[in-house]
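Close look at the chain arrangement
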Amino acid sequence: VFQRRLEGDTQNVIIQRQVLEIAATTLGRLALKDDALATDFVEFEIRRALEWLQADRHASRRFAAVLLLKELAENIPVVF
């Protein structure tokens, strides 16, 4: 029972990581739009990601923040 539970938890972590990676990639691509809404969005997401890195103890939020900042840096390097 314990082994099945552990394998299930491992599978869930892998799926969560894949979802976070896809979401970050999508947000990075959305940031490429050249309009006021996109600019506001990027500023908000950067602030939130930095806040999560500084204050949050949840590993999943920290990981999501790193992925998002990576995608934003790759797609709009001028901001960084």
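The coordinates are above.
Scope of this entry: the structure provided in the associated data block. (Residues numbered from 1 in each chain as written. Predicted model: local features only at pLDDT ≥ 70, side-chain atom pairs only at ≥ 80, totals over all residues. Heavy atoms only, no water.)

**Re the packing of helix α2 (residues 36–55) against helix α3 (residues 59–75)**
When two helices pack together, you describe them by how their axes are tilted relative to each other and by the distance separating the axes. Applied cut-off: To get an axis, a line is fitted to the C-alpha atoms, and for a helix only the part in contact is used. The angle between two axes follows their N-to-C directions and goes from 0 to 180 degrees. In this description a helix means any DSSP run of H or I spanning at least four residues, a strand means any run of E spanning at least two, and both kinds are numbered starting from the N terminus. Any angle that is under 35 degrees is reported as roughly parallel, and any over 145 degrees as roughly antiparallel; angles of 65 to 115 degrees are reported as roughly perpendicular and all others as oblique. Here a crossing is called left-handed whenever its near helix is offset anticlockwise from the far helix by less than a right angle, and right-handed whenever the offset is clockwise. In what follows, a contact means two residues having at least one pair of non-hydrogen atoms within 4.5 Å. Each residue is assigned to one class: nonpolar for Ala, Val, Leu, Ile, Met, Phe, Trp, Tyr, Cys and Pro, charged for Asp, Glu, Lys and Arg, and polar for all the others, Gly among them.
One way to put it is that α2 packs onto α3 with a least axis distance of 8 Å and a crossing angle of 140 degrees. By the angle between their axes, α2 is oblique relative to α3. α2 and α3 meet at a crossing whose hand is left-handed. Facing α2, whose interface residues are Val 42, Glu 45, Ile 46, Ala 49, Leu 50, Trp 52 and Leu 53, α3 presents Arg 61, Arg 62, Ala 64, Ala 65, Val 66, Leu 68, Leu 69 and Leu 72. Residue composition of the contact of α2 with α3, by class: 12 nonpolar, no polar and 3 charged.

**Overview of the environment of Arg 29**
Worth spelling out the cut-off: Each residue gets one of three labels from its accessible area relative to the maximum for its type: buried under 20%, exposed over 50%, partly exposed in between, using a 1.4 Å probe on protein chains only.
When you line up the elements, Arg 29 lands in helix α1 (residues 2–30). For Arg 29, a relative accessible area of 59% translates into the label exposed. Along the sequence, Arg 29 and Glu 74 sit 45 residues apart, while their C-alpha atoms lie 9.7 Å from each other.

**Looking at the side chain of Glu 71**
Within the secondary structure, Glu 71 is located in helix α3. For Glu 71, the contacting residues outside a window of four places in its chain are Ala 24, Thr 25 and Gly 28.

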